[in-house]
Amino acid sequence: MKIKFLTLFITLLSSSFLFAQDVNNRAITVKELRLEYHVNPKGIDVLKPRFSWVLLGEGRGRAQTSYRILVSSSQKALDKNEGDVWDSGKTASNNTNQIVYNGISLTSNRTYFWKVKVWDESSAESNWSQTAHWSMGLLKFSNWKGLFISHDVGYDKTDKYNSLYLPPARYLRKSFTPAKKVKKATAYTTALGLYELRLNGSKVGDDYFAPGWTDYNKRLYYQTYDITESINQGENVIGAVIADGWYAGYIGYGLLVRLDKVREYYGVNPSFMGQIHLEYQDGTTEIIATDRSWKSSQGAIREADILMGEVYDATMENTGWDAPGYNDVSWKKPKVYTYPNGELQVHPGGLVKNTERIRPLKITEPEPGTYVFDMGKNIAGIAELKVQGPKGTKIQLRFGEILKRDGNIQTENLRLARATDTYILKGDGVEVWQPKFTYHGFQYVEVTGFPGKPDLDAITGIVLSSTVNDASTFSSSNAMNNQLYENIKTTQSANFFDIPTDCPQRDERLGWLGDAQTYMRSATYNADVAPFMTKFLVDLDDAQRWYGAYPNFAPFPYSRPAQYSPAWMDAGVIIPYNMYKVYNDTRVLEYMYEGMEKFMEFQADASTDFIRPGGGNNWGDWLSVNETTSHGYVGASFYGFDAKLMAEMAEALGKKEDAAKYKTLFENIKKAFVKKYILDTGYTSEDTQTTYAFALYFDLFPEELAQKGADRLAEKIKKNGFKFSTGFLGTKHVMLVLSQYGYDDLAYKLFKQTEYPSWGYSVENGSTSIWERWNSYTKDEAGNSDLNGKMNSFSHYAFGSVAEWMFLHAAGIDTEDSGYRNIIIKPAISKEMDFINGSYKSINGHISSAWNWKGNKLIMNIEIPVNTRAKVYIPTSNVSNIKEGNKAISKLSEIKILKSNSKETVLEIGSGNYVFSTKI
Ligand code: BGC
C-alpha cells in the first residue's frame with residue numbers, strides 16, 4: 001500500500017514536473033534589452049528613444065504576436081507592474097526593435113526602469129523580462145551651470161612648419177563637502193579638447209578620448225557618470241586633466257602638406273566644463289559646477305598630442321592633487337572661456353574603451369640598450385609601462401608596425417606623426433604608467449633608456465577601440481582565410497576609433513569616406529556598429545559642403561574648398577542605406593534625408609544628360625594594380641547606385657513621390673550609362689575588372705547582357721592568373737558579382753589566392769592586419785628601410801571589405817528586407833572548400849549557417865532566431881533528395897518548398913535549428 005502510494009506520488013510529481021518543464025521550454029524568453037542600441041545607457045538625450053530586445057525559444061517557427069512594455073519611475077513601481085511613465089498596453093505587433101517610446105515627457109537627470117513581455121504564435125504569454133534602465137542627461141540649456149575653464153599656458157610662438165608646439169596638459173581641481181547625506185551623485189562633464197575626469201584620487205569611468213571628435217563649432221558631446229559610490233560624506237575632490245586633442249592639437253596631414261593651419265583647427269585653448277548633481281537623502285539637491293572658484297595648474301604631463309605622443313615627468317607630479325587633504329595654495333584661478341556656437345549633446349556612439357590587454361610575445365635587442373617588444377599583432381592603442389629605477393631616468397617608447405631587417409622598428413611610414421612617448425621616473429618603487437591623450441598604431445614597441453634589462457612585464461599592450469568585434473564567427477577549411485578573418489577584425493578594431501579612420505598610425509587617421517562606405521557592410525557583420533555609425537553620420541552631415549557634396553572625410557577640420565570625390569562623397573548615401581538595411585533604422589534616414597537630397601541635386605547639377613563626370617579629387621579605384629578605371633566611369637556608376645538606394649530609402653520613409661522620382665532618375669542614368677559605357681557584345685568600353693563589377697553590382701547592365709558581362713569578368717580574372725587588378729572600390733564588388741552570377745568557384749579561387757595581388761599574399765608574408773596596399777611588404781623586402789614610407793599603412797580596413805562576401809556569400813547570411821526579419825540563407829557552396837562555418841548576431845537574434853561536404857553529400861547546419869523566417873537555398877533540383885535530420889523534407893510541415901529549378905531548391909523555414917543534407 002505504502003509502496004503503491006509512493007509510486008503514485010512519484011509519478012504525479014514527475015509528470016507535473018515534465019509538464020512544467022514542457023511549458024517552460026515552450027515559453028519564449030525576452031533578452032538583451034537595449035535602448036538606442038545601448039544596454040542600460042546613462043544620460044541619453046533622445047526624447048523618443050527606441051527599444052529593442054531579442055527573443056529566445058525552443059522549437060521551430062516561434063514568433064512574437066504582441067508585446068507590452070512598461071516604463072516606471074522607480075524599480076518599486078516596476079516590480080508592482082505600474083507603468084507610471086509608459087504602459088504600451090498589449091500591442092499587437094511582431095516588432096522587436098526600433099519601437100519608439102510613447103509615454104509622458106522624459107525629464108533631465110532622471111532614471112527610468114523598464115521591462116517587456118511578449119505573446120507568442122499561439123498567444124502564450126512570456127514572463128516579464130529582467131529589468132533594464134536608462135537615465136536622461138541634461139535636456140535643457142538652462143540645466144547647465146558650468147563655465148568652460150582652463151589653465152593659461154601661453155601661446156604657440158614656434159615656427160609652425162619647422163618645430164612642434166606641444167603645450168603641457170592642464171589640471172583643474174575643486175574641493176567640496178556635501179552639506180547633507182548623499183543619496184545620489186551624477187557628474188555631467190565635457191571638454192573642448194580631451195579630458196580625464198578624476199574623483200578622490202581615481203579616474204571616473206572607463207572612457208578614453210572623451211568627449212570624442214565632432215565638428216566642435218556645431219556640437220560638443222558631454223558624458224554622464226554615476227559617481228554615487230565614490231562620494232565621501234566629508235571632503236571630496238573633483239578634478240580634470242585636459243589636453244589639446246582633436247580640438248587644438250595636430251590633426252591628419254595638415255603639417256605634412258603645409259596647410260595654413262597645422263593645429264588649433266577648432267580653438268586654441270582646451271577647456272573643461274561640467275557639474276555634479278548631488279541629491280540628498282532629504283530630497284534637496286545641490287550642484288557643484290565648474291566656475292571661478294576652481295583651481296588650476298600644470299603637472300606631470302608635459303606634452304600631450306594625439307599624433308605626436310605624450311611626455312610624462314613623474315618628478316613633477318603634484319602628488320594627491322585629485323584627492324582630499326591636498327594643499328592647493330600654489331594653484332591659480334582658472335581662466336574662463338566661452339563656447340558660443342555649438343550645442344551640448346550626448347555622444348550617440350559611446351566612447352573609446354580598452355577592449356583587450358596584450359602581453360608581448362618576445363623582446364629583442366637589435367642594438368645595445370634598444371629593446372623591441374613584439375605584441376603579436378598590429379593594434380591601435382597605447383603601451384602601459386611598468387618600471388623601477390632611479391629618479392630622473394628617462395625612458396622613451398617608439399612604435400612601429402613592422403621591423404626592418406636589422407630588427408629595428410620601421411617608422412618612415414608614420415610620416416610626421418612623431419608617435420613617441422617619454423616617461424621620466426620619480427624613483428620611488430614600481431611605477432606603472434599609461435599615457436592619456438595619445439594613441440598609436442603598432443605591433444612593436446621600441447624601448448630605450450630602460451634601467452637594466454626589461455622583462456615581458458615591462459610593457460602591456462592596451463588595445464583601444466570604440467567597438468567590440470563580437471557579432472560574428474567565421475571559419476573555413478583554409479587556414480589562410482581564417483587568419484585573414486582575424487586580420488580583418490584586428491584592423492576594424494584599430495580603426496573604429498570614435499570615427500572610422502583610414503589608419504591609426506601615420507599623420508592621417510581621418511574619417512576617409514571611400515574607405516568607410518566600401519567597408520560599411522563588412523563592419524556590420526563583425527560588430528554592432530549601429531551606435532558608432534549613428535554618431536559618424538552626424539559627423540558626415542555636419543561636414544557636408546555648402547554646395548551639396550559630401551567631403552573626402554568627416555569630420556572635416558580643414559578649410560579647403562572642393563574636397564570631394566566620386567565614391568568617397570557617396571558615403572553620404574551608402575552608409576545610411578546600410579544602417580537601414582542591417583538595423584532597420586529609418587530614424588537615421590530621416591536625419592540624413594535633407595542632406596542626401598541636396599547631394600543628389602549637386603550631382604544632378606554636375607551631370608550632363610544623366611552622366612555624372614568624375615570631378616573633385618578623383619581618387620578613382622584607389623590603389624588598383626595594372627588596370628585603371630576612368631574617373632568618369634566611377635562618377636557615372638556611383639551616381640546610378642545613389643539613385644537606386646535613394647529610391648529604396650524614400651520608399652522606407654513612406655515618401656512615395658520621392659521614391660518614384662529616384663526610380664525614374666535611376667532608369668535615366670542607366671540608359672545614359674549603357675549608351676556610354678556598355679557595348680553590344682556585353683563588354684564595357686573600358687574592359688577593366690572594376691568596370692564589370694560596378695555596372696553589374698549597381699544594376700547598370702542591360703538585363704540581356706548582364707550574364708555576358710559577368711562571363712567577361714570571369715574570363716579576365718582567369719586570364720590574369722586568378723588574380724585581381726582592382727583597388728579599394730572594385731575588389732569587393734568583383735567578389736559579390738562573381739557569386740551573384742554563378743561564379744562561386746572563381747570567387748573562392750580569388751579568396752584563397754596567395755600570389756600578389758591577393759589577401760593571401762599579405763597573410764603569407766606574416767601580416768596580422770589588413771594592409772593599405774596589396775604589396776605593402778614582403779619578407780624579402782624587409783631590409784628596405786624606406787618600404788614606400790610615404791604612404792604605406794599596415795592597418796587599413798578598406799581591402800578587408802571581403803568580409804561582406806565572406807558572410808553574404810561564403811556563409812550565405814543576408815537579409816531580404818531590412819533588419820534580418822526575413823533572412824536569406826544562400827551559401828556559396830563549392831568544392832573549393834571542405835567547409836565554411838559562419839554566424840552573425842543580427843538585431844533580430846543569432847543566425848548561423850555552416851556547410852560541409854561528406855564525400856558527395858552536402859550538409860547544411862542552420863540556426864534561425866525566434867520571430868524571423870528564412871529562405872534557404874539548397875543547390876540541388878532534386879527535392880526528394882533533401883533531408884532534414886533523417887526525414888524527407890516533404891514530410892515536415894514546418895518546411896515550405898517555395899521553388900525548385902535546375903539550379904536550386906528554395907525552402908522557407910521559421911525559427912529553430914535545422915540540419916539539411918542532400919547528395920550533389
Ligand atoms: C588614405 C586613404 C584615402 C585616400 C584617398 C589616403 O591617404 O589613407 O585611405 O581613402 O587617401 O585617396
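Residues numbered from 1 in each chain as written. Predicted model: local features only at pLDDT ≥ 70, side-chain atom pairs only at ≥ 80, totals over all residues. Heavy atoms only, no water.

1. Thoughts on the UniProt feature "domain: Alpha-L-rhamnosidase C-terminal" (unreviewed entry) in the protein
Part 1 of the argument: Sequence positions flagged by UniProt for "domain: Alpha-L-rhamnosidase C-terminal" (unreviewed entry) are, in local numbering, residues 812–887.
Part 2 of the argument: A distance of 24 Å separates the end C-alpha atoms of residues 812–887, which is 0% helix and 55% strand. (UniProt positions renumbered as here; feature names shortened; annotations may be inferred. Helix = DSSP H or I, 4+ residues; strand = E, 2+ residues; numbered from the N terminus.)

2. Section: the site of the ligand
Part 1 of the argument: Lining the immediate environment of the ligand, one finds D502, R506, E508, W512, D515, W568, W619, W622, F728, E772 and H796.
Part 2 of the argument: E508 is positioned with one of its side-chain polar atoms (N or O) 2.7 Å from an oxygen atom of the ligand.
Part 3 of the argument: Within the side chain of D515, a nitrogen or oxygen atom sits 2.5 Å from an oxygen atom of the ligand. (Near = heavy atom within 4 Å. Polar contact = N/O pair within 3.5 Å; in protein donor to acceptor, adjacent residues only side chain to side chain.)

3. Looking at the packing of aromatic side chains
Part 1 of the argument: Per the counting criterion, the structure on display carries 76 aromatic pairs.
Part 2 of the argument: An aromatic cluster is defined as three or more aromatic residues linked by ring pairs; in this entry it consists of Y253, Y265, W512, F553, F556, Y558, W568, W619 and W622.
Part 3 of the argument: The lysine or arginine in question, K203, covers the ring of Y208, its NZ or CZ lying 4.0 Å from the ring centre.
Part 4 of the argument: One Lys or Arg, K749, reaches over the ring of F722 and ends 5.6 Å from the middle of that ring. (Phe/Tyr/Trp six-rings, centres within 6.5 Å; stacked < 30°, edge-to-face > 60°. Lys NZ or Arg CZ within 6 Å of the ring centre and 35° of its normal.)

4. Looking at the pattern of salt bridges
Part 1 of the argument: A full pass over the atoms with the stated rule returns 60 salt bridges.
Part 2 of the argument: Between D282 and K180 there is a salt bridge, with its nearest N and O atoms 3.0 Å apart. With D282 in the loop between β16 (271–280) and β17 (285–289) and K180 in the loop between β10 (170–176) and β11 (182–192), this pair connects stretches of sequence that are 102 residues apart.
Part 3 of the argument: For K180, a relative accessible area of 33% corresponds to the partly exposed category. (Salt bridge = Lys/Arg side-chain N within 4 Å of Asp/Glu carboxyl O. Buried < 20%, exposed > 50% of the residue type's maximum accessible area, 1.4 Å probe, protein only.)

5. Some words on the sheet that holds strand β15 (residues 236–243)
Part 1 of the argument: Strand order across the open sheet formed by five strands is β13-β12-β15-β10-β18, with antiparallel pairing between neighbours. Strand pairing shows two members of the sheet lacking a second neighbour, β13 (202–203) and β18 (295–297), which therefore form its edges. (Pairing = 2+ DSSP bridges.)

6. With respect to the UniProt feature "domain: Bacterial alpha-L-rhamnosidase N-terminal" (unreviewed entry) in the protein
Part 1 of the argument: UniProt records the feature "domain: Bacterial alpha-L-rhamnosidase N-terminal" (unreviewed entry) for residues 180–349 in the present numbering.
Part 2 of the argument: Annotated as 2% helix and 41% strand, the span residues 180–349 places its first and last C-alpha atoms 36 Å apart.

7. Structural notes on the layout of surface pockets
Part 1 of the argument: Each pocket or cavity is described by its volume, and for the second largest pocket that value is around 1,400 Å³.
Part 2 of the argument: Around the second largest pocket, the lining is made up of 42 residues, and of these L736, Q740, H809, D814 and K826 lie nearest the centre.
Part 3 of the argument: Taken together, the residues of the lining of the second largest pocket sort by class into 18 nonpolar, nine polar and 15 charged.
Part 4 of the argument: Of the residues that make up the lining of the second largest pocket, three or more belong to each of domain 4 (483–753) and domain 5 (822–919). (1 Å grid on protein atoms, 1.4 Å probe; cavity = no way out; pocket = protein on both sides within 12 Å on 5 of 7 lines; lining within 4 Å. Points joined across faces, edges and corners; volume = space filled by probe spheres on them. Nonpolar A, V, L, I, M, F, W, Y, C, P; charged D, E, K, R; others polar. Domains from an automatic or database assignment.)

8. A word on empty space enclosed by the protein
Part 1 of the argument: This model, assessed by the stated rule, comprises six cavities of 30 Å³ or more.
Part 2 of the argument: By volume, the largest cavity is sized at about 80 Å³.
Part 3 of the argument: In terms of lining, the largest cavity is formed by 14 residues, of which the most central are W213, W246, I306, E508 and R509.
Part 4 of the argument: Split into classes, the residues belonging to the lining of the largest cavity amount to ten nonpolar, two polar and two charged.
Part 5 of the argument: Looking at which domains feed residues into the lining of the largest cavity, each of domain 2 (144–347) and domain 4 (483–753) supplies at least three.
Part 6 of the argument: The space that makes up the second largest cavity amounts to roughly 60 Å³.
Part 7 of the argument: S758, W759, S762, I770, W771, R773, W774 and F799 together form the lining of the second largest cavity.
Part 8 of the argument: When its residues are assigned to classes, the lining of the second largest cavity shows five nonpolar, two polar and one charged.

9. A closer look at the nonpolar core
Part 1 of the argument: Membership of the largest hydrophobic core comes to 218 residues, with the highest contact counts inside it found for L397, V445, F751, W805 and F916.
Part 2 of the argument: The element best represented in this core is helix α9 (residues 631–652), accounting for twelve residues.
Part 3 of the argument: Not counting chain neighbours up to four residues away, the residues in contact with W805 comprise M735, L736, S739, A747, Y748, F751 and A810.
Part 4 of the argument: By size, the runner-up hydrophobic cluster in this structure holds 25 residues, among which are A187, V204, I242 and I276. (Core = buried A, V, L, I, M, F, W, Y, C linked by side-chain atoms within 4.5 Å. Contact = heavy atoms within 4.5 Å.)

10. A closer look at the pairing of strand β42 (residues 896–900)
Part 1 of the argument: Here β42 runs beside strand β43 (residues 905–909); their pairing, made up of four bridges, is antiparallel. Paired with S900 across the two strands is T905, which belongs to β43.

11. Comments concerning the domain arrangement of the protein
Part 1 of the argument: Partitioning the protein into structural domains gives domain 1 (2–135), domain 2 (144–347), domain 3 (357–465), domain 4 (483–753) and domain 5 (822–919).
Part 2 of the argument: A separation of 39 Å is found between the C-alpha centroids of domain 3 and domain 4.
Part 3 of the argument: Contact with domain 3, which involves 16 residues of that partner, is made by twelve residues of domain 4.
Part 4 of the argument: Carbon and sulfur atoms make up 53% of the area that domain 3 and domain 4 hide from each other, which totals about 1,200 Å². (Buried area = accessible area lost by both parts, 1.4 Å probe.)

12. Re the packing of helix α6 (residues 530–543) against helix α8 (residues 587–606)
Part 1 of the argument: At their nearest, the axes of α6 and α8 sit 10 Å apart, and the two run at 15° to each other. With respect to each other, α6 and α8 are oriented roughly parallel. Two packed elements cross with a definite hand, and for α6 against α8 that hand is left-handed. Along its contact with α6, which presents T534, L537, V538, L540 and D541, the element α8 presents V588, Y591, M592 and G595.
Part 2 of the argument: Residue classes in the contact of α6 with α8 are distributed as six nonpolar, two polar and one charged. (Axes fitted to C-alpha atoms, helices over the stretch in contact; angles between N-to-C directions. Parallel < 35°, antiparallel > 145°, perpendicular 65-115°, else oblique. Left-handed = near helix turned anticlockwise from the far one by under 90°.)

13. Details of the packing of helix α7 (residues 571–583) against α8
Part 1 of the argument: Running from N to C, α7 and α8 cross one another at 155°; their axes reach a closest spacing of 10 Å. When the interaxial angle is binned, α7 and α8 end up roughly antiparallel. When the axes of α7 and α8 are compared, the crossing they make is left-handed. Where α7 approaches α8, its residues G572, V573, P576, Y577, M579 and Y580 are matched on the opposing element by V588, L589, M592, M596 and F599.
Part 2 of the argument: The residue makeup of the contact of α7 with α8, split by class, is ten nonpolar, one polar and no charged.

14. What to know about the side chain of T868
Part 1 of the argument: Within the element layout of this structure, T868 appears in the loop between β38 (857–864) and β39 (869–874).
Part 2 of the argument: What makes T868 buried here is its relative accessible area of 2%.
Part 3 of the argument: One polar contact links the side chain of T868 to the main-chain carbonyl oxygen of P865, over a distance of 2.7 Å.
Part 4 of the argument: If we skip the residues at most four places from it in the chain, T868 touches Y820, R821, I823, N844, G910 and S911.

15. Quick notes on the environment of F794
Part 1 of the argument: Relative to the assigned elements, F794 resides in the loop between α15 (759–764) and α16 (802–810).
Part 2 of the argument: Between the C-alpha atoms of F794 and I379, which are 415 residues apart in sequence, the distance is 9.9 Å.
Part 3 of the argument: Leave out the neighbours within four places in its chain, and F794 touches N378, E401, I402, Q410, N413, Q505, S769, I770, W771, S776 and Y777.

16. Quick word on a positive patch on the surface
Part 1 of the argument: There is a patch of like positive charges on the surface, built from K854, K857, K883 and K919.
Part 2 of the argument: You can see K854 is positioned in strand β37 (residues 845–854).
Part 3 of the argument: Assessed through its relative accessible area of 58%, K854 is described here as exposed. (Patch = residues over 30% accessible without salt bridge, like charges linked within 9 Å, V, L, I, M, F, W, Y side chains within 5 Å. Areas by Shrake-Rupley, 256 points an atom, 1.4 Å probe, with all protein chains shown as cover. Lys, Arg positive; Asp, Glu negative; His and termini not counted. Charge placed at Lys NZ, Arg CZ, Asp CG, Glu CD.)

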